[in-house]
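A closer look at the structure
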Amino acid sequence: MNKVTIITGASSGIGLATVYEFARQGFNVVLAARNVEKLNGIVKELTAKYPDREFLALPTDVQREEECRRLVEKTIEKFGRIDVLVNNAGISMRAMFKELDLSVIKRLMDVNFWGTVYCTKYALPYLLKERGSVVGVISIAGFKGLPARTGYSASKFAIYGFLDTLRVEHLHDGLHVMIFAPGFTASNIRNVALTADGTMQGETPREEDKMMSAERVAHKLYNGVARRKAQIILTPIGKLTVFLNKLFPRLVDRLEYNYMKREPNSPLK
């Protein structure tokens, strides 16, 4: 197999697990993230484990358009094709909007939404050529707003709208678009989530060991790409939230508020 996938946010969590999943499935993988030392270490491990694959580490800050363009150009320069783009890079937050510095929302939109737009824009001609797949990793927060996460929810709703529209635009030319909502997953995203003033939270408010593993999420993401699914929502609570919100939105508002309020040190009163 000579197929090539680009995965953003590839240095940890779901992104890293997805790198290993696509490598296991026979793909050549381009890893994009900001930490070049970590990426190089991962590539070294992958090369030793899968000597018949090729891996490329490209330091990329997805909130910078020029770096997303460079990511695609360097991929084409080495491999000559792109079959799958996984827009996984993202950051979170936890704070009440009334206490939030607006720079926090801007940063979340720049990384989560604009990072997806930039990478997709420059990869699109090559994805169309291969009748490939573009994936957007969102969240249940992209279907139902989560209290104390206004910027996060806004960015994920925006990604949903962008990719849903892109799918319709390319309904007849072979492009596969998949919106992927993992639900709560064991990763470091909550440790580095931003607080009201833009500083990192530092520790997770949730029991990570009780969540779905990043490896299991990555396997489901790959299967969704292989089956060219339009949308995947993971975890029972995620599926139930989306379903009930269509029928009983006010009830879900109350249930969600009370659920999120139980987090340690929750900003909800």
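Below you will find a few notes about this structure. If you're wondering where the values come from, they're calculated on a predicted model, not measured in any experiment.

With that settled, consider the packing of helix 1 (residues 13-24) against helix 6 (residues 214-226). At a minimum axis separation of 8 Å, helix 1 and helix 6 run at an interaxial angle of 55°. The angle between helix 1 and helix 6 falls in the class oblique. When the axes of helix 1 and helix 6 are compared, the crossing they make is right-handed. Contact residues: Gly13, Ile14, Ala17, Thr18, Glu21, Phe22 and Arg24 in helix 1; Ala214, Glu215, Val217, Ala218, His219, Leu221, Tyr222 and Val225 in helix 6.

This next bit is on the pairing of strand 3 (residues 55-59). Within strand 3, 4 of the 5 residues are buried, leaving the element largely enclosed by the surrounding structure. By the bridge criterion, 5 bridges tie strand 2 (residues 28-33) to strand 3 in an arrangement that is parallel. Note that in strand 3 the partner of Leu31 across the bridge is Ala57. As a crossover connection, the stretch from strand 2 through helix 2 (residues 36-49) into strand 3 is right-handed.

Let's shift gears to unusual backbone geometry. Of note, the phi angle at Arg228 is positive, near 55°, even though the residue is not glycine. Of note, the phi angle at Thr235 is positive, near 70°, even though the residue is not glycine. Residue position: Thr235 is located in the loop between strand 7 (231-233) and helix 7 (236-247).

This part takes up the packing of aromatic side chains. Pairs of aromatic rings are described using the distance from one ring centre to the other and the angle between the two planes. Inspection of the entire model under this criterion finds 7 aromatic pairs. Arranged with centres 5.3 Å apart and planes meeting at 65°, the rings of Phe113 and Trp114 form a pair that is edge-to-face. Residue Trp114 is classed as partly exposed on the basis of its relative accessible area of 36%. Relative to Phe162, the ring of Phe113 lies with its centre 6.4 Å away and its plane at 85°, an arrangement referred to as edge-to-face. Placement of Phe113 in helix 4 (residues 102-129) and of Phe162 in helix 5 (residues 150-169) is noted, with a sequence separation of 49 residues between them.

As a further point, take the packing of helix 1 against helix 2. Across the interface, helix 1 lies against helix 2 with an axial gap of 11 Å and an inter-helix angle of 25°. Judged by the angle between their axes, helix 1 and helix 2 are roughly parallel. The chirality of how helix 1 crosses helix 2 is right-handed. Every residue of helix 2 that contacts helix 1 at Leu16, Val19, Tyr20 and Ala23 is listed here: Ile42, Glu45 and Leu46. Each residue belonging to the contact of helix 1 with helix 2 can be placed in one class, and the counts come to 6 nonpolar, no polar and 1 charged.

Checked against the element boundaries, Thr8 lands in strand 1 (residues 4-8). According to the relative accessible area criterion, Thr8 is buried, its value standing at 2%. The residues contacting Thr8, other than those within four sequence positions of it, are Ala32, Val62, Leu71, Val86, Asn87, Asn88, Ala89 and Cys119.

So, how was this worked out
- Residues numbered from 1 in each chain as written.
- Predicted model: local features only at pLDDT ≥ 70, side-chain atom pairs only at ≥ 80, totals over all residues.
- Heavy atoms only, no water.
- Axes fitted to C-alpha atoms, helices over the stretch in contact; angles between N-to-C directions.
- Helix = DSSP H or I, 4+ residues; strand = E, 2+ residues; numbered from the N terminus.
- Parallel < 35°, antiparallel > 145°, perpendicular 65-115°, else oblique.
- Left-handed = near helix turned anticlockwise from the far one by under 90°.
- Contact = heavy atoms within 4.5 Å.
- Buried < 20%, exposed > 50% of the residue type's maximum accessible area, 1.4 Å probe, protein only.
- Pairing = 2+ DSSP bridges.
- Right-handed = clockwise from strand over helix to strand, strands pointing away.
- Phe/Tyr/Trp six-rings, centres within 6.5 Å; stacked < 30°, edge-to-face > 60°.
- Nonpolar A, V, L, I, M, F, W, Y, C, P; charged D, E, K, R; others polar.

Honestly, it's all geometry; don't read function into it.
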